[in-house]
Amino acid sequence: MIVLGPLLFLLVVGGLIALGIRTWRQREESGREGGLDLIPYLLMALAVGVAGFSIARLARASLTPDRIAGRPIGELAGALAGLVVAGPTAYLLWQFLAKRRKTFLRNPGWPIYLSIVEVVFLTAFFVAVGQFADALTDSALAPRWTDLIVYGGIVAFHWWAESREPATEVVGELPRLVGSAVSVVTLAAGAIGTLSWLFSEAYESLGGAVTVPPEPAIPLALTLAAAPMWAWRWLPAWEEKSTPFRSLYLSFLTALSLIVTTGAAVTIVAVLLSFLFGQAGPTEDHFGTYPTAISFALVGGALWIHHRRRIGVARGGAMRGYQYGMAAAGLAGLVGFTVTLIDLAFEPRLAGGDTGEALILLGCSVIASGLAWFWFWRKVEEAPRAEEIRALQRRMYLLGMAVTTGLTAAGSLIAALVVVFRALLGEGGDISESLRIPLSLTVVSGLAAWHLYTHVRTDGAALRKTEARPFTVTIVCSHPGQISTLFPKEATVRVLYRADDAGVIDESMADAIVSEVGGRSSLVWVDGGGFRVAAARET
Amino acid sequence: MVDDRRMPSWLWPVIGLIAVVTLVLIGLNREPAEFDPNTPEGTVQVYIGALVDGDFETAASYWADEGCTPISNIPTRGAPQVSVSLVSVDGNDVQANVVVRITENSEDPLGGLVEYQEWFTLTHQDGSWKVRQPSWPYYDLACEEQT
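Sequence order as written defines the numbering, with residues in each chain counted from 1. For naming, the first written chain is A and the first written ligand is 1, with later ones following in the order written. Reporting in this predicted model follows two pLDDT cut-offs: at least 70 for local features of residues, and 80 or more for side-chain atom pairs to be given and counted; totals over whole chains, interfaces and linings ignore these cut-offs and use all residues.

Quick notes on the overall build of chain B
So, point 1. Segments assigned H or I by DSSP are reported as helices when at least four residues long, segments assigned E as strands when at least two residues long, and all are numbered from the N terminus. Along the backbone of chain B there are 3 helices and 6 strands.
So, point 2. Starting at the N terminus and ending at the C terminus, chain B contains elements arranged as α-α-α-β-β-β-β-β-β.
So, point 3. Counting other C-beta atoms within 10 Å of a residue's own tells you its class, since 20 or more makes it buried, 12 or fewer makes it exposed, and anything in between is partly exposed; those C-beta atoms are placed from the backbone. Here chain B, with 147 residues, has 23% of them falling under the buried criterion.
So, point 4. Partitioning the intrachain contacts of chain B with sequence separation of at least 6 by distance along the chain shows that 53% fall at a separation of at least 24. Distance between backbone-placed C-beta atoms decides contact: two residues are in contact if it is within 7 Å.

Here you go:
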């Protein structure tokens, strides 16, 4: 009876899925236009997920020697119920969609499906690695080796399937990026844990007082498992032309690793300064944060160096995302840490509680955030203006941060006014204590919002000036490709066809031409050696 | 390029089916692991085994005589029908914590399975490990007043 409920439920769901496939097939027969196929791929991801976890549960219940009492009837029944419905559903959907992939080669559903499976089962695999390592170092526990085989097998099978039918188009890089992201996060966590243990042991052996983390089996195992996975997914060559997904991945990871490194470096410097200025307790206790901070700095620094090199020097989407991301993080840190520093500096202390160490840490954080913001904001301001003000990353930074800081300033001003009006309406007393945070937050956030708003206005005016002017581009080539669709709507594109085949415009050349024309009336000459652009006289 | 030497498409489901049936048969016929009864995990194994078998007298003999103790040897809901696996063991020579994962079949046919973790605190008394203040499976406890 125990299996009846889940079985009925799964049968109903399976029936609905089968009905969906049938309807989809009829639709395909009526119009063979392809489409996204997103729903069938999502259903297949769901079915593969249920089937995969059911197999893992079945194998665990049957093969892992960790049972201490009773028979695993419930687990077996639950796993079987899941498999009975999800297994055939996954198989049929796989066959059906494999046929469709042969007809519609550029279907984005396939890479989206591969990405979902990769993020779910690669994460499950790393969790299983951690549990396995934990069990190996604990004599009482039985290693759950079956999870490793099932989850690892599912990931490996999908890598094999991907290698047979590589996904194309922009979204085709998504599975590799997802695998790289899951692996690099696991690798970083494992490496930080391992180094932290190592440095704590070393610090303790030198006479320092520190809480040494438990045995490094789990972080070490995660490092050893994630390193080859990351190398496999990230290090092989990518297509030369970057996609928006890869730019986003690179910019986010580079910015995040620099934030981690900076945070760790600030801690190291602040602890040293507080020691030098005599704000410390016993020497052996004072540097207790160093093992962890140094681990974060080393791992974050290594990740930053690698990903920063991958971005290169060209001012593409990844570079902009990284610089504007860092400017945003710097500005947010500057506002937050400044307000906290003001609050702590003016906080009346009744007794004890020397805040010198915290003040030094906050002071260092304010300086580091301010430097980061100043450095990256100066970098983006040095970039060519006409191209920069059109960049999505800049608009997101300016508008997003202006709205956030503006709303923060408005909210804190309301809080400050409540205090003021309460005092004016007779609820007297010293209001300086209650006003300290709202007032400082209003001023600091307001200044940031004003700075951002002025740039939003300047950019808007410059954009209107350049966009409002129509221009004409005359292109001499043998095959123009899709170049006319890449120009803004103000452009009038005229193509003069060459008689020979020496002037073909491919996708990358089209981007380069549009970029070089830059909204001015131009004459473009394309031949076997590339292209040349000359400004045309305005008529 | 598609490989011509592909296996027939029906072979994968058949292999899968055989694997599943084999796993189920292994799971049904496999006995629980055997832990040393003189260890915390072994004590918990014997204790839970006695409860599952309905041998409440034997289970009660594993209770420590300190802190809160059950007012009756019989749990409030009778013998639990569960399967239990080990999650973690830690402690020292005097006290230990054993965490187990309990899978309980719901009596409601649509209810499926209920899985939860239970913590057993054990104390070393008179040369053997005893379960301190048993909270599973649903005993009413009486506590000595502190003076």
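Having seen the structure, we can now continue with the description.
Quick notes on the confidence of the model for chain A
Residue and element names in this part refer to chain A.
So, point 1. Residues of chain A with pLDDT of at least 70 account for 89%, and the chain-wide mean is 86.
So, point 2. The low-confidence segment residues 1–8 (pLDDT under 50) makes 18 contacts with residues lying over four places distant or belonging to another chain.
So, point 3. Scored from 0 to 100, pLDDT records how confident the predictor is in each individual residue. Low confidence marks residues 27–33, where pLDDT is under 50. Its contacts with residues over four positions away, or in another chain, come to 0 contacts.

Considerations on the domain arrangement of chain A
So, point 1. Once the domains are mapped, chain A shows domain 1 (384–468) and domain 2 (471–535).
So, point 2. Annotation comment: domain bounds sourced from an automatic or database domain assignment. Centre-to-centre separation of domain 1 of chain A and domain 2 of chain A, based on C-alpha positions: 43 Å.

Describing the confidence of the model for chain B
So, point 1. Overall, the prediction assigns chain B a mean pLDDT of 78, with 76% of residues at 70 or greater.
So, point 2. Confidence estimates for the predicted assembly give a pTM of 0.75 and an ipTM of 0.71.

Remarks on the interface of chain B and chain A
So, point 1. Each partner contributes to the interface: chain B provides 33 residues, whereas chain A provides 32 residues.
So, point 2. At the level of elements, helix 1 (11–29), helix 2 (40–52), strand 2 (82–91) and strand 3 (95–105) of chain B are the ones that each hand at least two residues to the side of chain B that touches chain A.
So, point 3. Residue classes follow a fixed rule: Ala, Val, Leu, Ile, Met, Phe, Trp, Tyr, Cys and Pro count as nonpolar, while Asp, Glu, Lys and Arg count as charged, and any other residue, Gly among them, counts as polar. Among the residues making up the side of chain B that touches chain A, the classes are represented as 19 nonpolar, 12 polar and 2 charged.
So, point 4. Only when DSSP finds a minimum of two bridges between them are two strands counted as paired. Bridge count between strand 1 (residues 67–69) of chain A and strand 2 of chain B: 2 bridges; the pairing is antiparallel. By the bridge assignment for strand 2 of chain B, Ala69(A) is matched with Val84(B).

As for unusual backbone geometry
So, point 1. Positive phi is not limited to glycine here, since Asp126(B) has a value of about 50°.
So, point 2. On the basis of neighbour count, Asp126(B) is assigned to the exposed category, with 7 C-beta atoms found within 10 Å.

Here's the deal with the sheet that holds strand 2 (residues 471–477) of chain A
Residue and element names in this part refer to chain A.
So, point 1. Taken in spatial order, the 4 strands make up an open sheet running 3-2-4-5, and their pairing is mixed. Every interior strand has two partners, whereas the edge strands, strand 3 (491–497) and strand 5 (530–535), have only one. Averaged over neighbouring strand pairs, the angle between their axes works out to 15° when direction is ignored.
So, point 2. In the packing of helix 17 (residues 507–517) onto the sheet, the strands contacted are strand 2, strand 4 (522–527) and strand 5, and the crossing angle to strand 5 comes to about 15°. Where helices are involved, their axes are fitted lines through C-alpha atoms of the stretch in contact, as for all axes, and angles between N-to-C directions lie from 0 to 180°.

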